[in-house]
Amino acid sequence: AEKAAAEKAAAEKAAADRVAAEKAAARKAAADSKKAAADRVAALLATAEKAAAEKAAIEAEAAAEKAAAEKAAAEKGAAERAALEEAVAEREAAFQISDIDGDGVVTREEQRKMAGRGGLTAMQFAQADADADGRVTQSELQAMPSPRAELLAALAVLPPDRAARVKSLRERAIAARLAKHRVAAEAASAAALTEAAAAARAAPAEAGGAEGAVAE
């Protein structure tokens, strides 16, 4: 009877130990599963935050490029307005140079004599001579179309030391001609800024697609 009782007690203890071990294993598995789930959530949040930060950086860069392009466009517009005034002054200077006798009228003979000395060119004379009478008056000169080609050729701004010496229309006309060499560089710079802004605006859309893929 004592032996049977001992065996029974041993069996019960073994069963209790197994139950305790199973409970401990279940608790450990649950804790591990909970930690793994928390780690996955933290990783997803970190990925989302990184994607949001990258998107914000791209948008900020695009905004900066857009602002730079707008500034360049505004500067170009201001330069064109200033150049238009310069081109009109140059044309007026050419008229004054060609008007040898100072009577306010440029004849074809006067134009030919002064064409190579800063006066009106043959093309300018022909454009201004609306009634084809071989004479160009001040009113005909002012009625000429806006000198767009001359404007584009005079985008450069005179340096201060040169501007201080520009006192007459003739000197201003010479300065405008010298400015023609800088037109190509101004146009190339504006085109490069415009292309960069367009590329930056396209980038956020691509970043948005990548963010959606990460979230899924």
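Since the structure is predicted, the reported quantities are computational estimates derived from the model, not experimental observations.

Brief notes about the overall build of the protein chain
- Secondary structure assignment for the protein chain yields eight helices and two strands.
- Mapped from its N terminus to its C terminus, the protein chain presents α and β elements in the order α-β-α-α-β-α-α-α-α-α.
- Per-residue burial for the protein chain yields a buried fraction of 25% across its 216 residues.
- Counting only carbon and sulfur atoms, one obtains 60% of the accessible surface of the protein chain, whose full area is about 14200 Å².

Some remarks on the nonpolar core
- Core analysis: the biggest nonpolar cluster contains nine residues, these being Ala 94, Phe 95, Val 106, Leu 120, Phe 125, Ala 128, Val 136, Leu 141 and Met 144.
- The set of elements that each furnish at least two residues to this core consists of α1 (2-98) and α3 (122-128).
- Here Leu 141 is in contact with Arg 91, Glu 92, Phe 95, Leu 120 and Val 136, once residues within four sequence places are set aside.

Some remarks on the confidence of the model for the protein chain
- Within the protein chain, residue pLDDT values average 76, and 70% of them lie at 70 or more.
- Least confident of the elements in the protein chain is helix α6 (residues 160-163), whose mean pLDDT is 47; most confident is strand β1 (residues 105-107), at 95.
- Every residue in residues 162-167 is under pLDDT 50, and counting partners more than four places away or in other chains gives eight contacts.
- Of the regions scoring below 50 in pLDDT, residues 176-185 engages in 16 contacts with residues more than four places distant in sequence or in other chains.

Some details on the pattern of salt bridges
- One pass over the structure, following the stated rule, counts five salt bridges.
- Lys 13 is the partner of Asp 17 in a salt bridge, and the nearest nitrogen-oxygen pair spans 3.1 Å. Of this pair, Asp 17 and Lys 13 are both found in helix α1, four residues apart, which corresponds to roughly one turn of the helix.
- Note on Asp 17: relative accessible area 41%, which makes it partly exposed.
- Residue Lys 13 is classed as exposed on the basis of its relative accessible area of 55%.
- Measuring nitrogen to oxygen at the nearest pair gives 3.1 Å for the salt bridge that ties Lys 28 to Asp 32. Here Asp 32 and Lys 28 lie together in helix α1, a separation of four residues that amounts to about one turn.

Thoughts on unusual backbone geometry
- Positive phi, close to 55°, is recorded for Ala 132, a residue that is not glycine.
- Tracing the backbone shows Ala 132 in the loop between α3 and β2 (135-137).

Concerning the side chain of Gln 111
- Note that Gln 111 resides in helix α2 (residues 108-114).
- Look at Gln 111 and you get buried, because its relative accessible area is 4%.
- In this structure, Gln 111 is in contact with Val 106, Leu 120, Thr 121, Ala 122 and Phe 125, ignoring residues within four places of it in sequence.

Side note on the side chain of Glu 92
- By the secondary structure assignment, Glu 92 is in helix α1.
- Buried and unpaired, Glu 92 has Arg 91 as its nearest opposite-charge partner, separated by 7.2 Å.
- A distance of 2.8 Å separates a polar atom in the side chain of Glu 92 from a polar atom in the side chain of Gln 138.

Rules used in this analysis
Residues numbered from 1 in each chain as written. Predicted model: local features only at pLDDT ≥ 70, side-chain atom pairs only at ≥ 80, totals over all residues. Heavy atoms only, no water. Helix = DSSP H or I, 4+ residues; strand = E, 2+ residues; numbered from the N terminus. Buried < 20%, exposed > 50% of the residue type's maximum accessible area, 1.4 Å probe, protein only. Areas by Shrake-Rupley, 256 points an atom, 1.4 Å probe, with all protein chains shown as cover. Core = buried A, V, L, I, M, F, W, Y, C linked by side-chain atoms within 4.5 Å. Contact = heavy atoms within 4.5 Å. pLDDT = per-residue confidence, 0-100. Salt bridge = Lys/Arg side-chain N within 4 Å of Asp/Glu carboxyl O. Lys, Arg positive; Asp, Glu negative; His and termini not counted. Polar contact = N/O pair within 3.5 Å; in protein donor to acceptor, adjacent residues only side chain to side chain.

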